Amino acid sequence: MDGPLGIPASHGEGSLAGRHALTEGTPARPAAWRGAVRTACDRLAPAWSQGAAAVVNPYFGLRHLDFEVAGVTLARVAGSPLTMPRRYYREQVASGRITRGDIAEALKAHGLPSDEGSVARLLMHDGAPPVQRLPLVSHVWQRIDAPTPWAAFCVERISQFAAAYFDAGQAAWPLPWRDEPLYEAWRGFARLDASPRAMGLKGVADIVAGLPRRPLASIALVLKTLAIPDAHVVDYCHAALLDIGGWATRVADRPRARGVDADPTDIEQLLAIRLAWEFIVFRAVPGSRLEVAWQTALASLPSLPATRMTPDVQVDSVLQAALELGYRRRIVADLAACGERPDRHAGQGRVAVQAVFCMHNRVEVFRRALDTVAPWIQTLGFSGFCALAFARAPFVEAVAPVTPSVRPKGPGADLEHRAAITDADRGAMAAALLRGMSLADGLARLVLLIDHGPSSAHRPQDAGSGPSEYRIGELDAPMVAAWLNDRALRARLAQEGVAIPADTRFVAARYDGAHDEVAVLDTGPWELSHAQDLRDTRAALEGAGARTREERARAPVSPVLASHLASAPAGARTPERSRAAADPEFVGNAAFIAAPRARTEGMALDGRAFLHDYAWRRDADFRILRYIMTTPMMAAYWMNMRYYASVVDHKRFGGGNKALHNAVGGCVGVLEGAGGDLRNGLPIQSLFDGRHWLHEPLRLNAFVEAPRARIDEVLAGHEIVRSVVEHGWLFLFQMDSEAGGLFLRARDGRWGQLS
């Protein structure tokens with residue numbers, strides 16, 4: 001029987017396996033099991049402190065798979081979707097957001113018939129059958145004993161233990177086993193835990209005592225006892241980790257976050273704990289009903305894990321591609337029309353004020369407004385002026401131009417590291433920073449360094465909407481401004497060929513994305529020497545803020561309470577009850593553009609694009625290009641994927657209800673309510689207004705103006721960047737400033753011209 005796209009419904013999953021004995025059979029070699037465990041653990045993405053949570057990409061561990069194959073994997077392992085429900089796309093078609101032309105083009109890109117009949121058949125199908133996920137013992141027993149939440153109970157007990165074990169000072173009564181390795185500490189905790197007995201599970205203490213003391217041996221025992229087929233061991237371990245995915249991603253990041261203080265096997269020990277609960281339920285449940293049901297579940301498994309798309313998955317993949325093509329069509333046309341326009345500030349003498357905005361998609365609207373109300377101010381976009389010296393996100397493959405060679409280690413080392421930076425380091429960092437901003441010359445009298453952060457003071461509710469994307473603290477912009485105003489540092493910069501005019505002053509400022517305001521921070525003595533510049537700049541910032549709020553108020557669907565804010569006096573704050581809609585952070589992000597401002601000036605990008613100024617002709621060794629593609633572009637990609645995941649699978653990767661968040665362990669994270677798994681995603685209030693999704697789940701479109709050969713060199717030298725491009729997690733475009741046109745890099749490494 002053919003599927004909805006006219007392709008055979010059979011998709012090569014192979015014949016079903018027979019029944020698997022629970023206590024017989026030859027187990028896989030221990031070395032093979034260790035490799036499978038490591039592979040499963042590597043599928044988990046790291047999640048770090050709340051202040052940097054905006055760049056948590058839940059799909060990072062799957063980057064080596066094609067986007068569509070990763071969707072098949074997630075569906076197979078955990079029943080997790082990688083696209084929206086079918087009705088979402090039907091609504092986009094009905095509203096005109098997706099056109100029949102978009103669908104036809106998406107069908108063609110998937111190698112499917114794109115005639116009118118194929119498009120019509122695609123639109124007829126309103127839903128896909130539920131995906132059969134890999135079973136866990138606790139989930140099988142849950143189906144049998146439906147009134148009792150067994151699956152949630154297992155997660156609950158692990159979560160309560162993990163919260164106590166990883167506590168950062170919140171608990172008044174510390175866990176007694178915190179000095180023990182994670183798995184050993186859990187064994188001590190579980191032997192005394194009375195909760196299973198209250199649920200009717202007897203003999204749990206004896207079962208736990210009988211588990212091997214080594215985590216990998218315990219994992220092997222569970223896999224053998226449950227007779228997990230060798231072909232499904234990786235998936236089964238992956239499914240177990242995703243069942244406590246919030247804690248698993250936190251644990252996965254501990255070696256990076258804590259350096260020598262963390263055990264790199266923590267993630268494997270957490271897997272041993274989760275699988276131990278499978279073993280506990282299997283052994284402690286009375287009667288044979290669970291054993292029979294488990295045998296049935298194993299018998300339904302295919303002999304090999306499915307890796308090919310079913311017809312229904314292809315439908316969803318085509319509709320997602322059509323949604324992305326609909327967005328891309330306009331931005332590609334606008335960028336192609338801009339061509340290589342000259343900088344409007346060129347040839348006009350020295351600029352009075354320069355405003356450098358830290359990369360933020362929502363700031364695009366404010367920056368465009370500022371260009372309009374104050375054309376005498378030169379605006380620039382740059383990612384990292386307030387953080388590069390301390391960048392530590394795992395996607396950074398290249399040594400950033402201002403990152404010192406000595407890396408901070410251990411808790412609290414970030415603050416200590418600031419004081420340890422030498423004068424030579426500061427000089428090199430400052431020189432690279434100014435070159436990266438294209439400000440090694442032509443500096444104005446007043447230069448604003450504008451970072452960004454939320455205005456809310458209640459941090460637990462803002463977990464996941466923290467300050468700047470990979471900033472360590474909120475003192476970085478003032479610190480950088482102080483450096484660049486320092487006479488001794490300027491003398492050292494002059495020796496490196498970077499001359500800062502004597503009357504140039506750097507001033508820190510902060511953009512509040514919830515209220516579209518820029519607050520100029522401590523100006524110190526510059527209030528006298530640069531009084532007129534500061535007055536004019538403050539007035540321009542207020543005018544740009546009002547214009548930005550007015551534009552958002554006119555938007556059909558705005559994540560900000562724009563109608564209220566547009567009429568509010570300067571400095572007014574949204575009531576806390578309305579913060580659900582007024583704290584969107586990076587909502588709507590869909591594009592990253594690294595090019596001179598002249599390419600995007602005047603374009604209405606609707607606050608959806610990260611703008612990073614870059615002039616490749618001034619990048620002699622293309623080190624800045626390497627930095628842009630390996631750090632800001634990848635940071636934007638991680639943020640994009642975090643929003644994407646929080647929308648397409650909010651139950652697993654979202655943050656739940658913000659009103660129910662409770663802080664865990666000090667700064668570890670939040671729970672939704674009193675228990676459950678750790679919630680690392682974005683709260684529903686930041687994504688949904690009760691009627692509409694505020695964020696469209698689109699993969700990032702990255703546009704870079706540089707020679708194609710140089711872009712290919714960066715990709716060749718950096719596996720992570722190349723992997724996400726060639727496996728379809730990010731769309732990479734080259735803006736050709738010499739021959740003209742835009743080119744899209746295909747998954748096979750070739751470039752195809754779009755315009």
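Everything numeric here is computed off the predicted structure, so don't read it as measured data. (Residues numbered from 1 in each chain as written. Predicted model: local features only at pLDDT ≥ 70, side-chain atom pairs only at ≥ 80, totals over all residues. Heavy atoms only, no water.)

**Points about the overall build of the chain**
Then, number 1: Counting its regular elements, the chain contains 30 helices and 14 strands.
Then, number 2: Here the chain, with 755 residues, has 58% of them falling under the buried criterion.
Then, number 3: Restricting to contacts in the chain with at least 6 residues of sequence separation, those with at least 24 account for 76%. (Helix = DSSP H or I, 4+ residues; strand = E, 2+ residues; numbered from the N terminus. Buried < 20%, exposed > 50% of the residue type's maximum accessible area, 1.4 Å probe, protein only. Contact = heavy atoms within 4.5 Å.)

**Looking at the packing of helix H7 (residues 150-165) against helix H14 (residues 266-284)**
Then, number 1: The interhelical angle for the contact between H7 and H14, taken along N-to-C directions, is 140 degrees, at an axis separation of 10 Å. Classified by the angle their axes make, H7 and H14 are oblique. Seen from above, H7 lies across H14 with right-handed handedness. Contacts from Phe 153, Cys 154, Arg 157, Ile 158 and Phe 161 in H7 reach Leu 270, Ile 273, Arg 274, Trp 277 and Val 281 in H14.
Then, number 2: Each residue belonging to the contact of H7 with H14 can be placed in one class, and the counts come to eight nonpolar, no polar and two charged. (Axes fitted to C-alpha atoms, helices over the stretch in contact; angles between N-to-C directions. Parallel < 35°, antiparallel > 145°, perpendicular 65-115°, else oblique. Left-handed = near helix turned anticlockwise from the far one by under 90°. Nonpolar A, V, L, I, M, F, W, Y, C, P; charged D, E, K, R; others polar.)

**Some thoughts on the sheet that holds strand E13 (residues 742-745)**
Then, number 1: Taken together, the six strands give an open sheet; going across it, the order is E7-E6-E11-E12-E13-E14, and neighbouring strands pair in mixed fashion. Whereas interior strands pair on both sides, the edge strands pair on one side only; in this sheet they are strand E7 (609-612) and strand E14 (751-753). The sheet shows a mean angle of 20 degrees between the axes of neighbouring strands, taken without regard to direction.
Then, number 2: As paired elements, strand E11 (residues 700-704) and strand E12 (residues 730-735) share five bridges and run parallel to each other. Counterpart to Phe 703 in the pairing with E12 is Phe 733.
Then, number 3: On the sheet, helix H29 (residues 708-717) packs against E11, E12, E13 and E14 and is oriented at approximately 150 degrees with respect to E12. (Pairing = 2+ DSSP bridges.)

**What to know about the sheet that holds strand E8 (residues 661-664)**
Then, number 1: Pairing is antiparallel in the open sheet, where three strands are placed in the order E8-E9-E10. Each edge of the sheet is formed by a strand with only one pairing partner; in this case those strands are E8 and strand E10 (675-678). When the angles between neighbouring strand axes are averaged without regard to direction, this sheet yields 40 degrees.
Then, number 2: Looking at chain direction, E8 and strand E9 (residues 669-672) are connected through four bridges and run antiparallel. Considered in E9, the bridge of His 661 is made with Glu 672.

**Quick notes on the pattern of salt bridges**
Then, number 1: On inspection of all chains with the given rule, the structure shows 40 salt bridges.
Then, number 2: Among the salt bridges present, the one from Arg 38 reaches Glu 268, with a minimum N-O distance of 2.8 Å. On the criterion of sequence distance, the pair formed by Arg 38 in helix H1 (residues 30-42) and Glu 268 in helix H14 is long-range, its members being 230 residues apart.
Then, number 3: On the basis of relative accessible area, Arg 38 is assigned to the partly exposed category, the value being 29%.
Then, number 4: A salt bridge links Glu 184 to Arg 187, with the shortest nitrogen-to-oxygen separation between them at 3.5 Å. With a gap of three residues between them, Glu 184 and Arg 187 both fall in helix H8 (residues 182-192), about one helical turn apart.
Then, number 5: With relative accessibility at 17%, the residue Glu 184 sits in the buried group. (Salt bridge = Lys/Arg side-chain N within 4 Å of Asp/Glu carboxyl O.)

**Remarks on the nonpolar core**
Then, number 1: Of all hydrophobic cores here, the largest spans 195 residues; its most connected members are Trp 186 and Leu 732.
Then, number 2: Setting aside chain neighbours within four positions, we find Trp 186 in contact with Phe 161, Val 208, Leu 211, Ile 273, Ala 276, Trp 277 and Ile 280.
Then, number 3: Counting 22 residues, the second-largest nonpolar core is a separate cluster that includes Phe 366, Leu 446, Leu 448 and Leu 534. (Core = buried A, V, L, I, M, F, W, Y, C linked by side-chain atoms within 4.5 Å.)

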